[in-house]
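The chain contents come next:
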Amino acid sequence: MKKLTTRAAVMFLLMMGIGLLNSVPTSAQTTTPWEMNDGEGAVSFGGVLAPSHGAVMEYDFATIPAVGDPGWGPAPNGATIAYSRISILCGVIACRAGADFTYFQTFVDIPSDVIVTTFTIAFSGVDDGARVTIFNSAYPSGLVVPGSYVFLGGTGTSDLASYVRSGEINRVVVTHTDDCCVGSSLSSARVVLNGTIIPTRPPEVCDGTDNDGDGLVDEGFPDTDGDGVADCVDNCVTTPNADQADGDGDGVGDACDNCKTTPNAD
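How each quantity is defined
Residues numbered from 1 in each chain as written. Predicted model: local features only at pLDDT ≥ 70, side-chain atom pairs only at ≥ 80, totals over all residues. Heavy atoms only, no water. Helix = DSSP H or I, 4+ residues; strand = E, 2+ residues; numbered from the N terminus. Contact = heavy atoms within 4.5 Å. Phe/Tyr/Trp six-rings, centres within 6.5 Å; stacked < 30°, edge-to-face > 60°. Buried < 20%, exposed > 50% of the residue type's maximum accessible area, 1.4 Å probe, protein only. Disulfide = S-S within 2.5 Å. Core = buried A, V, L, I, M, F, W, Y, C linked by side-chain atoms within 4.5 Å. Pairing = 2+ DSSP bridges. pLDDT = per-residue confidence, 0-100.

## A closer look at the overall build of the chain
For step 1, the next point in the chain: A tally of helices and strands in the chain yields one helix and 12 strands.
For step 2, the next point in the chain: Considering only intrachain contacts with a sequence separation of at least 6, the fraction spanning at least 24 residues in the chain is 69%.

## A short note on the packing of aromatic side chains
For step 1, the next point in the chain: Summed over the entire model, instances satisfying the criterion amount to five aromatic pairs.
For step 2, the next point in the chain: Each ring, one from Tyr59 and one from Phe101, has its centre 6.2 Å from the other, and the planes form 45°; the classification is tilted. With Tyr59 in the loop between β3 (42-44) and β4 (73-74) and Phe101 in strand β6 (residues 98-110), the pair connects residues that are 42 residues apart, well separated along the chain.
For step 3, the next point in the chain: For Phe101, a relative accessible area of 0% corresponds to the buried category.
For step 4, the next point in the chain: Ring centres 5.5 Å apart and planes at 65° place the aromatic pair Tyr83 and Phe104 in the edge-to-face group. Residue Tyr83 is found in strand β5 (residues 81-86), and its partner Phe104 is found in strand β6; the two are separated by 21 residues along the sequence.
For step 5, the next point in the chain: For Phe104, a relative accessible area of 0% gives the class buried.

## Focus: the state of the cysteines
For step 1, the next point in the chain: Inspection of every chain in the model, using the stated rule, returns four disulfides.
For step 2, the next point in the chain: Here Cys206 pairs with Cys232 through a disulfide, and the sulfurs are 1.6 Å apart. On the S-S bond that ties Cys206 to Cys232, the torsion sits near -75°, and the link is left-handed. One end of the pair, Cys206, is in the segment after β12 (196-197); the other, Cys232, is in the segment after β12, and 26 residues separate them in sequence.
For step 3, the next point in the chain: Here Cys236 pairs with Cys256 through a disulfide, and the sulfurs are 2.0 Å apart. Because the torsion about its S-S bond is -90°, the bridge between Cys236 and Cys256 counts as left-handed. In this pair, Cys236 sits in the segment after β12 while Cys256 sits in the segment after β12, placing the two residues 20 residues apart along the sequence.
For step 4, the next point in the chain: The disulfide pattern of the chain is 1-4, 2-3, 5-6, 7-8 when the bonded cysteines are numbered in sequence order.

## With respect to the nonpolar core
For step 1, the next point in the chain: Membership of the largest hydrophobic core comes to 30 residues, with the highest contact counts inside it found for Trp34, Phe104, Phe119 and Phe123.
For step 2, the next point in the chain: Among the elements of the structure, β5, β6, β7 (119-127), β8 (129-135), β10 (168-178) and β11 (183-193) are those that each provide at least two residues to this core.
For step 3, the next point in the chain: The residues contacting Phe104, other than those within four sequence positions of it, are Trp34, Glu35, Met36, Trp72, Ala75, Ile81, Tyr83, Val172, Val173, Val174, His176 and Leu186.
For step 4, the next point in the chain: In terms of nonpolar packing, the next biggest core, distinct from the first, is built from 11 residues, Phe45, Tyr59, Ala62 and Tyr103 among them.

## Some remarks on the pairing of β6
Two faces belong to every sheet, and in a regular strand the side chains alternate between them.
For step 1, the next point in the chain: Across the 13 residues that make up β6, a large majority, 12, are buried.
For step 2, the next point in the chain: Bridge analysis of strand β1 (residues 30-31) against β6 gives two bridges, and the strand direction is antiparallel. Within the sheet, the bridge partner assigned to Thr31 lies in β6 and is Val108.
For step 3, the next point in the chain: By the bridge criterion, three bridges tie strand β2 (residues 35-37) to β6 in an arrangement that is antiparallel. Pairing of Asn37 across the sheet is with Tyr103, part of β6.
For step 4, the next point in the chain: Strand direction decides the pairing type here: β3 and β6, joined by three bridges, are antiparallel. If you follow Ala42 over to β6, its bridge partner there is Asp100.
For step 5, the next point in the chain: Sheet topology places β6 next to β10; 11 bridges connect them, and they run antiparallel.

## So, unusual backbone geometry
For step 1, the next point in the chain: In this structure, the amide linkage connecting Asp127 to the following residue, Asp128, adopts the cis form with an omega of 20°.
For step 2, the next point in the chain: Note that Asp128 resides in the loop between β7 and β8.
For step 3, the next point in the chain: Phi at Ile81 takes a positive value of approximately 85°, unusual for a residue other than glycine.
For step 4, the next point in the chain: Position of Ile81 among the secondary structure elements: in strand β5.
For step 5, the next point in the chain: Backbone geometry places Asn194, a non-glycine residue, at a positive phi of 50°.
For step 6, the next point in the chain: Position of Asn194 relative to the elements: it lies in the loop between β11 and β12.
For step 7, the next point in the chain: Look at Asn194 and you get partly exposed, because its relative accessible area is 24%.

## Some points on the confidence of the model for the chain
Reading fine detail from the predicted coordinates is not recommended where pLDDT is low.
For step 1, the next point in the chain: When pLDDT is averaged across the chain, the result is 87; 88% of the residues are at 70 or more.
For step 2, the next point in the chain: Predicted confidence for residues 1-27 stays below pLDDT 50, and this span has 16 contacts to residues more than four positions away or in other chains.

Here's what the structure looks like:
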């Protein structure tokens, strides 16, 4: 076997290291189920006609809802979006004279030991256009680059790897534009990291367990007494008792049980 020079050996080890990092199981990277926000409704372009369906200028009239906006709710399909409905522009705004913007967001968790070589959003069934905005610590106000736009019938963005960050959760927002009467649709949007579609975490269910694998239990659900236990599984909803101690086993925690040693669930 031919011996490697020192330089070649170093390069080989570096390449092997990169290979190992890139071989981290796909399950190590996850996305939350897509959420949907109906946004502003029909918006006029103020007498200007868009030069084409999904034109870049249309998005000047779109405002991405904040992360905590109450309008966010589950997309028709958490893994793929699968959005389709009759256009609300019919009889309201002429074709390409305005738009109806619909927003979709997902949160992409990329571990710190994953080297991002490629990052794209793969689309299908885009009518009339879509744009991708990335939010993270480097771009807290959101970043859009020319390759973020997908036009009518388009299938994906350019490579956005330079703009996502490992070791944190990146918020990805798709702004969908419908600019002509008839239909409005976005059949599928999938996050593709290093050539592989990132799996979608299951939604969090309030049941005292970590359903979505993010290390948090029942996040996003009410916790009236602030003891770290969500109301849905708290045996003393208004009395802090993080230990959930229940000496008599009646389902009422000792901290709020009026008969701690005698079962009286009522």
